[in-house]
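# Secondary and tertiary structure notes
The lines below spell out each chain.
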Amino acid sequence: MGNLSNCECCTNYVYDEDYECYTCMVSLDEDEMAKFMTNTFRECPYYRLDDEYKIVRHQM
């Protein structure tokens, strides 16, 4: 979550149709949520690259 570009390519960062915005699906504690909202996460411990081609490469 360090910066928005990291979140944008994270598996946990998904579009919430109810709120009409992107949000992190990880249950963050209060401190982590504050860091997320202020964009001050240096290195997110929950970051997972959203590699949509990983499955395709695995099948080859």
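Because the structure is a prediction, the values reported are computed rather than measured.

### A closer look at the packing of aromatic side chains
For the coordinates displayed, the defined rule picks out two aromatic pairs. Residues Y13 and Y22 carry aromatic rings whose centres are separated by 5.6 Å and whose planes lie at 20° to one another, so their mutual orientation is stacked. For Y22, a relative accessible area of 49% corresponds to the partly exposed category. Taken together, a centroid distance of 5.2 Å and an interplanar angle of 70° make the contact between Y15 and Y22 edge-to-face. Overall, Y15 belongs to the partly exposed group, its relative accessible area being 43%. By the ring-pair criterion, three or more aromatic residues cluster together here, those being Y13, Y15 and Y22.

### Some thoughts on the side chain of E32
Relative to the helices and strands, E32 is located in helix α2 (residues 30–37). E32 has contacts with S27, F41 and Y46, leaving out every residue within four places of it along the chain.

### Observations concerning the confidence of the model for the protein chain
Confidence in the prediction for the protein chain averages 78 pLDDT; 77% of positions are at 70 or higher. No element of the protein chain has a lower mean pLDDT than helix α3 (residues 54–59), which averages 52, and none a higher one than strand β1 (residues 13–16), which averages 92.

### Points about the pairing of strand β2 (residues 21–24)
As paired strands, β1 and β2 are joined by four bridges and run antiparallel to one another. Directly across from Y15, in β2, lies its bridge partner Y22. The turn joining β1 and β2, which pair antiparallel and follow one another in sequence, is formed by four residues; a positive phi near 55° is taken by E20.

Rules used throughout
Residues numbered from 1 in each chain as written. Predicted model: local features only at pLDDT ≥ 70, side-chain atom pairs only at ≥ 80, totals over all residues. Heavy atoms only, no water. Phe/Tyr/Trp six-rings, centres within 6.5 Å; stacked < 30°, edge-to-face > 60°. Buried < 20%, exposed > 50% of the residue type's maximum accessible area, 1.4 Å probe, protein only. Helix = DSSP H or I, 4+ residues; strand = E, 2+ residues; numbered from the N terminus. Contact = heavy atoms within 4.5 Å. pLDDT = per-residue confidence, 0-100. Pairing = 2+ DSSP bridges.

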